[in-house]
Amino acid sequence: MAFSIFGIFAVLLEFIRPFLPLILAVFAIDLVLLAVALRNNGLPAAWRALRSALPVGVVAFMAGLVFVPWITGANHGNLAGLIDWLSLIGASVGVGVLALFLVWPPVALLRGKMA
Amino acid sequence: MKHKNDRQPQRAELNVDSSRRRFLKAAGLGIGSLSLVGGGIIASQPAQALATNARIVIVGAGAAGLAAANRLSSRLDGAQITLIDRRERHLYQPGLTLVATGLWKSGKMVDENQRYVPRNVDWIHASVSEFEPDANRVVTDTGQHVEYDYLIVTTGLHVDFDAIEGMSPELIGREGIGCVYDNPENANRTWEMIDRYTTDGGVGLFTRGPGGIKCAGAPLKIAMLTEDLAQRRGNRDHLHMIYNSPGAGLFSQPDMDQFLKEEFPRRDIAINWHHRLIGIEPEQHRATFATPEGNVRLDYDFIHVVPPMRAPDALGNSPLAWQEGAFADDGNWMEVDRHSMQHPRYPNVFGAGDCVGTPIGKTAASVKAQVPVVVDNLVSVMAGRELTASYNGYTSCPLITSRGQAILVEFDYNLDMVPSFPFISPYREHWVPWIMKDKFLKAAYNAMLRGRV
């Protein structure tokens, strides 16, 4: 039973719907922080801040590898075959990227203040 | 005196400004694109709605009825669409097995129909007590006559507890009796019984109603998740589990049938073939099964009762039901062409969901496949065009075998596996189908209710 691209987005929208206000609030705060950091310190400084925040993303990725099965009510013994392990890695990459982009704006702002 | 370096801060500022503008422009474009996609999803309209003043009645506001209402409201311009259902509450029924085995809280599967009824659809809060297709009308239990030009029947089915002597829904949660069907209250009480059984141990009887039932995988999932829970509690040795099949198989799809016939013995779940539950004596903890060799009485500490199911009486006793044949004998199901979902004797009537008599497919996944066919073909009838949409019998069961693993079983009328995701084997337990069942399928279901998938 195939899903179109719009269908996939429709499902994702339903999935995040209960958390949408929180997601939008966090996104808005991060965007504002990033805009302030860019205005104050410029884009090159912001890219440097991204590199500084990278370890947070890496730690979050590793935490994902350990904890994502447990969060889903399963354990690593339930993972069977390539699709499960690739999915775990993919989900953990997502966790890492999310953590990175959440932390980047405040780091960019703080680095500017400390510079 | 000007120095060369005096100009460099200005050039650096210009570079920062322009790169900042490019970044913000790209971010703005990204946000704008996402908004367009999101807005497109939320407010999607077909390229060209059919202009009509037809009266369309949809009986039943379950999964099929709401999905049909939403799809039709966007496909038609000017139609008078009426939805008839007394129920305010909407139940995500695929969640029942998860509630009954302690994996979900019941609140997760309860919603409100009001959230999904389109604004341009009239909702009559009543039940249909009579179908009069020769007069193109239905009659509600409040005596209201509702006439139509086109009818979509999505009533769902009736769980026939009375077909088991001594059984009633009030017994669920007492005397070791559980039943996952078909509301969260029953599922909650069933969990209390399973929780106690996997702690105290004893004889557990697991049954399956004969003929067509909704979510035919549920009785199997209840058995396997109960066994898994006992294992995790370290109490498995104190449980003697027996699955009673009313026939000679465990699952209609042959590969899954073979898998389960090997899996159950491996997990020390005994199987009684041709054992159809016909009676229960709650206070004696005794169940009676009809077998080819005569009636057999088995004592139990826990029993999972799965009653026979049939079309609601108003539908089953109407001209819309199969008048003869297996689907008439089995449950007085609604007669439809198995591919077009159109009624063969009343061409302005269509059916979808649990109430229809088709070889397989009383699942939410079947509804997802059937409703677009119903809507497409109904619009074709209205436009005087040939019916081209066809339902191939698609059905799906994320067969949870233990907490954390499931097999994503999808098949069609031919009983051939038709996996949606080629990279997920339908013959093997995986973690990913478990996540789909536990986390994502409800979102897909809600998107289906809104007519978006």
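Residues numbered from 1 in each chain as written. Chains lettered and ligands numbered in written order. Predicted model: local features only at pLDDT ≥ 70, side-chain atom pairs only at ≥ 80, totals over all residues. Heavy atoms only, no water.

Undergrad: Before we move on, could you go through the interface of chain B and chain A and cite the residues and values that matter?
TA: Taken together, the contacts link 40 residues of chain B with 37 residues of chain A. Together, the buried faces of chain B and chain A total about 3100 Å²; carbon and sulfur atoms form 72% of this surface. The interface formed by chain B and chain A contains 9 residue pairs in polar contact (both at pLDDT 80 or more). The set of elements that each furnish at least two residues to the side of chain B that touches chain A consists of helix H1 (4-42), helix H9 (364-382), strand E24 (405-411) and helix H10 (431-449) of chain B. Here the side of chain B that touches chain A takes 11 residues from H10 of chain B, the largest share from any one element. Its residues assigned to classes, the side of chain B that touches chain A shows 21 nonpolar, 8 polar and 11 charged. (Contact = heavy atoms within 4.5 Å. Buried area = accessible area lost by both parts, 1.4 Å probe. Polar contact = N/O pair within 3.5 Å; in protein donor to acceptor, adjacent residues only side chain to side chain. Helix = DSSP H or I, 4+ residues; strand = E, 2+ residues; numbered from the N terminus. Nonpolar A, V, L, I, M, F, W, Y, C, P; charged D, E, K, R; others polar.)

Undergrad: Outline the pairing of strand E9 (residues 137-140) of chain B, supporting the account with residue identities and numerical values.
TA: Residue and element names in this part refer to chain B. The sheet contact formed by strand E8 (residues 128-132) and E9 spans 4 bridges and is antiparallel. Bridging across to E9, Phe 131 finds its partner in Val 138. In this structure, the hairpin formed by E8 and E9 is closed by a connection of 4 residues, where Asn 136 is found at a positive phi of approximately 50 degrees. Sheet topology note: the E9/strand E10 (residues 145-147) ladder contains 3 bridges and is antiparallel. Each bridged residue has a counterpart across the sheet, and for Arg 137 the counterpart in E10 is Glu 147. Counting the residues that bridge the hairpin from E9 to E10 gives 4 residues, and of these Gly 143 lies at a positive phi of roughly 90 degrees. (Pairing = 2+ DSSP bridges.)

Undergrad: Hey, could you go over the packing of aromatic side chains for me, with residue numbers and the actual values?
TA: Residues and elements named next belong to chain B. Tallied over the full model, the rule gives 12 aromatic pairs over all chains. Ring plane angle 25 degrees and centroid distance 5.9 Å describe the contact between Tyr 92 and Trp 104, whose orientation is recorded as stacked. One end of the pair, Tyr 92, is in the loop between strand E5 (89-91) and helix H3 (96-100); the other, Trp 104, is in the loop between H3 and strand E6 (110-112), with 12 residues separating them in the sequence. Looking at Tyr 92, the relative accessible area reads 4%, which means it is buried. Consider the rings of Phe 251 and Phe 411, whose centres lie 5.8 Å apart with planes at 65 degrees: the pair is edge-to-face. (Phe/Tyr/Trp six-rings, centres within 6.5 Å; stacked < 30°, edge-to-face > 60°. Buried < 20%, exposed > 50% of the residue type's maximum accessible area, 1.4 Å probe, protein only.)

Undergrad: Account for the sheet that holds strand E15 (residues 239-244) of chain B, naming residues and giving values.
TA: Residue and element names in this part refer to chain B. Strand order in the open sheet made by the 5 strands is E13-E20-E14-E15-E16, with parallel pairing throughout. Each having just a single partner strand, strand E13 (177-178) and strand E16 (269-272) make up the two edges of the open sheet. Direction of pairing for strand E14 (residues 202-207) relative to strand E20 (residues 302-304): parallel, over a ladder of 3 bridges. Residue pairing across strands places Gly 204 opposite Phe 302, the latter belonging to E20. The sheet contacts of helix H4 (residues 184-200) involve E13, E14, E15 and E20, and relative to E14 the element is tilted by about 140 degrees. (Axes fitted to C-alpha atoms, helices over the stretch in contact; angles between N-to-C directions.)

Undergrad: Pulling in residues and values, what's your account of the confidence of the model for chain B?
TA: Low pLDDT means the predicted coordinates in that region are not meant to be read closely. All names here are of chain B. Per-residue confidence for chain B averages 92 on the pLDDT scale, and 90% of its residues sit at or above 70. Counting interchain partners and residues more than four positions distant, the pLDDT-below-50 stretch residues 1-16 has 4 contacts. Note that pLDDT drops below 50 for residues 41-45; the model gives that stretch 10 contacts with residues more than four away or on any other chain. Two summary scores accompany this predicted model of the complex, namely pTM at 0.90 and ipTM at 0.91. (pLDDT = per-residue confidence, 0-100.)

Undergrad: Mind laying out a nonpolar patch on the surface, listing which residues take part and the relevant values?
TA: On the surface, a nonpolar cluster with roughly 550 Å² of combined accessible area is contributed by Leu 82, Leu 86, Ile 89, Val 93, Val 97 and Phe 101 of chain A. Position of Val 93 of chain A relative to the elements: it lies in helix H4 (residues 81-114). (Patch = residues over 30% accessible without salt bridge, like charges linked within 9 Å, V, L, I, M, F, W, Y side chains within 5 Å. Areas by Shrake-Rupley, 256 points an atom, 1.4 Å probe, with all protein chains shown as cover. Salt bridge = Lys/Arg side-chain N within 4 Å of Asp/Glu carboxyl O.)

Undergrad: Which residues make up the pattern of salt bridges, and what values go with them?
TA: Residue and element names in this part refer to chain B. Under the defined criterion, the tally for this structure stands at 25 salt bridges over all chains. Between Glu 227 and Arg 267 there is a salt bridge, with the nearest N and O atoms lying 2.8 Å from each other. Here Glu 227, found in helix H5 (residues 218-232), pairs with Arg 267, found in the loop between helix H6 (254-266) and E16; they are 40 residues apart in sequence, far enough to count as distant. Taken as a pair, Glu 227 and Arg 267 share a single burial class, namely buried. Note that Glu 281 and Arg 297 form a salt bridge whose closest N and O atoms lie 2.9 Å from each other. Taken together, the positions of Glu 281 in strand E17 (residues 276-281) and Arg 297 in strand E19 (residues 294-299) put the pair 16 residues apart, joining distant regions of the chain. You can call Glu 281 partly exposed: its relative accessible area is 22%. Salt bridges sharing partners connect three or more residues here, namely Glu 227, Arg 236, Glu 263, Arg 266 and Arg 267.

Undergrad: So what's going on with the side chain of Asn 186 of chain B? Which residues, and what values?
TA: Residue and element names in this part refer to chain B. Take Asn 186: it is sitting in helix H4. Here Asn 186 falls in the buried class, since its relative accessible area comes to 3%. If sequence neighbours within four positions are ignored, Asn 186 has contacts with Phe 161, Pro 169, Ile 172, Cys 179 and Tyr 181.

Undergrad: Residue-level account of unusual backbone geometry, with values.
TA: For residues besides glycine, phi is generally negative; the peptide bonds are generally trans as well. All names here are of chain B. Cis geometry marks the peptide bond from Tyr 181 to Asp 182, where omega comes out at -20 degrees. Here Asp 182 lies in the loop between E13 and H4. Here the phi dihedral of Met 341 falls at roughly 65 degrees; this positive angle occurs in a residue that is not glycine. In this structure, Met 341 sits in the loop between helix H8 (326-331) and strand E22 (349-351).

Undergrad: Account for helix H2 (residues 20-41) of chain A, with residues named and values stated.
TA: All names here are of chain A. An ideal rise of 1.5 Å per residue puts 32 Å on 22 residues; H2 measures up with 31 Å between its terminal C-alpha atoms. Within the sequence span of H2, burial applies to Asp 30, Leu 34, Ala 37 and Leu 38. All buried residues of H2 project into a common sector of 95 degrees when viewed along the axis, lining one side. In H2, the exposed residues that point more than 90 degrees away from the buried face are Pro 21, Leu 24, Ile 29, Val 32 and Arg 39. (Expected span 1.5 Å × (residues − 1). Arc of directions from axis to C-beta.)

Undergrad: Provide a residue-level description of the pairing of E24 of chain B, including the pertinent values.
TA: All names here are of chain B. In terms of burial, E24 is largely enclosed, as 7 of its 7 residues are buried. The two faces of E24 match: Gln 405, Ile 407, Val 409 and Phe 411 on one face and Ala 406, Leu 408 and Glu 410 on the other face are all buried. Here strand E23 (residues 395-402) runs beside E24; their pairing, made up of 7 bridges, is antiparallel. Considered in E24, the bridge of Thr 395 is made with Phe 411. Hairpin remark: E23 followed by E24, antiparallel, with 2 residues in the connecting loop; positive phi at Gly 404, about 105 degrees.

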